[in-house]
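# Descriptive structure summary
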Amino acid sequence: MTEQEYLMGNEAMGRGAIEAGVKVVAGYPGTPISEVLEYVSKYPDIRAEWCINEKVALEICMGASLCNTRSLAVMKHNGTNVVLDFLMHLNYTGVRGGLVLISGDDPGALSSQNEEDSRIITRLNAHLPVFDPWCPQEAKDMVKAAFELSEETELCFVVRPVTRVCHGRSTIGMEGIKKGKAPRFEDDRSRFIMSAVKETRAGGVLRPVIRHRWLNEKQPVLAKVMEASPFNHIEDGEGKIGLVACGIGYAFVKEAEKILGKKFPILKLGTLPLPRNKVLQFARKMDRLVVYEDSEAVVEGMLKQMFYDEGVQVEVVGRSGFLPPEGELSTTIVLKSLAGLYPELEKKIPATVPLEMKVPIRTRTQCVGCQYRGLLHALKLTARKYKGVVTGDIGCYDAGSFLPLELQSTIYCMGSSIPMASGIAYSGCEQPVFAIIGDSTFFHNGVLGLLNAIHSGVDLVAIVCDNRTTAMTGFQPHPGSDIDVRGEPAMAIDVAGLATAAGATSARVVNPYDIPQVKEALEKAVKEKGVSVIVATEPCYLVSRRTGELGFTPRKVVLDEDLCNGCKICVTYFGCPSIHFSDGKATIDYGTCVECGMCVEVCQIGAITWS
């Protein structure tokens, strides 16, 4: 009997890679996909590495593949954007050892700054094969199959799980581990040197055109593979309305069937390219098809084109109007759509039980004890004083853009803060510009913006929030950390030293818990010409409280209600979650207070003091 374990979808995919004989795993952390690499890192004979960014990770994996070594690149959908340049060359050259890219999508933007369908990049743009799993077990099976098929077809295979699959759990069958091939590198310059040179052997045709032709010739091969794939199948049911369930859509459709007590005709799809014959066989028996997919109308559009080409008369609806065109798919959405098609089913949909209380909408904020609150408070005071503009980036500190701080005015992509601050300065705007960025984000894609700003002589203040880890996604190490993914010693890159070496006007290191020190550094920086860098360095509180390496000496604080004048600065300006306001006075919640003492500095009238 096969051994079984109760695993998260991400862990299941990691296990699938291990069983497939993967030897190199590289990626960049990001919800919903981080646990894949963390699971794999427990196996000492596998090289697992959190890289500086996703492009570097995929390039490492391709290097391993050239030596006939199976490799796995792990990233979320935003990271797949970062690798697009390399991906659009990798698809032309193909691979040697099996190479799989796991691109975790986040429909509904549950933990992302946008929702995006990476099938568009990986399939429609790069023409690579894509697997779209509906549950953790299938995700594991798809990863294993992807490695085998990658070597058979010489193409990188993409596995595209969505958040519900990544974070869902189920009982997973554990199987044996495949032994990998001995690494061996062979030159093939006409294949792996992507240059616009003319190939003599091909009659002077440019090499990129030849490689493009090679990729096109692979498409019929992929079509045959997907036609026989076990990840696509047809289920018989009642009526002439067929449900096309793609990836996680299959889980929601099956749950809806169970709730409604009705069996629908279902075409379950888990691959791109689509199994053309299977699709046509299903469609020719139907009057209408409803496509359930997350999150763009990718398969819906493919079906419409296919049926037009084949002359199949069937209506196709889905995300382009029949279903919500944005947001995450759900069982509720499926149920409502089916009730619209079959009005008699409306009465079978369970009624939503209303809550007896109104749950307030929570805003984003830092944890209690987070050093970034002190940094952001000092920056807010300085920015307001000089009427400055603050450009933001992605990380724990981005909560400073919301109430009560309302500090950052922009948040876009990883590393965008410094170049956008440069653009504001170039515009002729006379307001001083501050760019705030985290340490992991700085190494990921912020260094280039900083170097460009220093080289161009732009006047701005760059603040690097250095908590020595990738805190927002689960405390993964980065090039500024002194450990690797396994906790082994690693070379930590010094941010201030890097900025100084690059020619920054100044690079001041401050303790973000020390608000007066941060304010002083900002006051000096804002008056300097060129790029002034401030590095706010202290370990993340959630980590340091476990290690005892706190950036402050804990001391109890007390609040004198007689002195409190109800100004609310501690609540509406500083925003410490451990300070509440009632009956015109501030109060301290000692159950959550960590005794960092930053509020003593914030309270200007002395109502909050050391005990």
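Residues numbered from 1 in each chain as written. Predicted model: local features only at pLDDT ≥ 70, side-chain atom pairs only at ≥ 80, totals over all residues. Heavy atoms only, no water.

### Concerning the packing of helix α16 (residues 417-426) against helix α17 (residues 439-456)
Just so we agree on the cut-off: In this analysis an axis means a line fitted to C-alpha atoms, helices contributing only their contacting stretch, and an angle means the value between N-to-C directions, from 0 to 180 degrees. Where helices and strands are cited, they refer to DSSP runs of H or I of at least four residues and of E of at least two residues respectively, numbered from the N terminus. Geometric relationships in this document are graded by angle, where less than 35 degrees denotes roughly parallel, more than 145 denotes roughly antiparallel, 65 to 115 denotes roughly perpendicular, and other angles denote oblique. By definition in these notes, contact holds between two residues if any of their heavy atoms fall within 4.5 Å. For this classification, Asp, Glu, Lys and Arg are treated as charged, while Ala, Val, Leu, Ile, Met, Phe, Trp, Tyr, Cys and Pro are nonpolar and the rest, including Gly, are polar.
Here α16 crosses α17 at 30°, and the two axes come no closer than 8 Å. With respect to α17, the element α16 is oriented roughly parallel. Across from Ile418, Pro419, Ser422 and Tyr426 in α16, the residues of α17 making contact are Gly446, Gly449, Leu450, Ala453 and Ser456. Of the residues in the contact of α16 with α17, the class split is five nonpolar, four polar and no charged.

### Observations regarding the sheet that holds strand β3 (residues 47-50)
Spelled out, the test is: Each pair of strands is called paired provided DSSP finds at least two bridges between the two strands.
The strand order across the open sheet formed by seven strands is β3-β2-β4-β5-β7-β6-β14, and the pairing between neighbours is mixed. Looking at which strands have only one partner, the edges of the open sheet turn out to be β3 and β14 (271-272). Summarising the sheet, strand β5 (residues 99-104) and strand β7 (residues 157-159) pair through three bridges and their orientation is parallel. For Leu101, the partnering residue across the bridge sits in β7 and is Val158.

### So, the domain arrangement of the protein
Note the cut-off: Note: domain ranges come from an automatic or database domain assignment.
Here the protein is partitioned into domain 1 (3-227), domain 2 (233-348), domain 3 (371-544) and domain 4 (553-611). One C-alpha centre belongs to domain 2, the other to domain 3; they are set 47 Å apart.

### Description of the packing of helix α3 (residues 54-65) against helix α5 (residues 84-93)
In plain terms, the rule: Note: crossing handedness is left-handed where the near helix turns anticlockwise from the far helix by less than a right angle, and right-handed where it turns clockwise.
Contact pair α3 / α5: the axes reach a minimum separation of 10 Å and the direction vectors enclose 20°. On the basis of the axis angle, α3 is roughly parallel to α5. For the element pair α3 and α5, the recorded crossing hand is left-handed. Every residue of α5 that contacts α3 at Lys55, Leu58, Glu59 and Met62 is listed here: Asp85, Phe86, Leu87, Leu90 and Thr93. The residue makeup of the contact of α3 with α5, split by class, is five nonpolar, one polar and three charged.

### What about the environment of Ile248?
Heads up, the condition is: Only protein chains enter the accessibility calculation, which uses a 1.4 Å probe. A residue is then buried if its area is under 20% of the maximum for its type, exposed if over 50%, and partly exposed in between.
In this fold, Ile248 is placed in the loop between β12 (241-246) and α11 (249-260). Classification of Ile248 as buried rests on a relative accessible area of 6%.

### Brief notes about α5
In an α-helix there are 3.6 residues to a turn, and that puts residues three or four apart on one side. Those residues of α5 that sit buried are Phe86, Leu87, Leu90, Asn91, Tyr92 and Thr93. If you follow the buried residues of α5, they end up packed against α3, β5, α6 (119-125), α9 (189-192) and α10 (207-227). Gly94, located one to two residues past α5, shows a positive phi value of around 75°.

### Some thoughts on helix α15 (residues 371-385)
For clarity, the cut-off: Residue count minus one, scaled by 1.5 Å, sets the expected span of a helix.
Between its first and last C-alpha atoms α15 spans 22 Å; for 15 residues at 1.5 Å apiece the expected length is 21 Å, and the two agree. For α15, the complete set of buried residues consists of Gln371, Tyr372, Arg373, Gly374, Leu375, Leu376, His377, Ala378, Leu379, Lys380, Thr382 and Ala383.

### Some thoughts on the packing of aromatic side chains
Keep this limit in mind: Pairing of aromatic rings covers Phe, Tyr and the six-membered ring of Trp, with a centre-to-centre limit of 6.5 Å; geometry is then stacked below 30 degrees between planes, edge-to-face above 60, and tilted otherwise. When the NZ atom of lysine or the CZ atom of arginine is within 6 Å of a ring's centre and also within 35 degrees of its normal, the charge is said to sit over that ring.
Counted according to the given criterion, the structure contains nine aromatic pairs. Ring geometry for Tyr39 against Tyr43: centres 6.1 Å apart, planes inclined by 50°, an arrangement best described as tilted. Among the aromatic side chains, those forming a connected cluster through ring pairs are Phe131, Phe157 and Phe231. Above the ring of Phe475, the side-chain terminus of Arg546 is found at 5.5 Å from the ring centroid. In this structure, Lys556 is placed above the aromatic ring of Tyr590, and the distance from its NZ or CZ to the ring centre is 4.8 Å.

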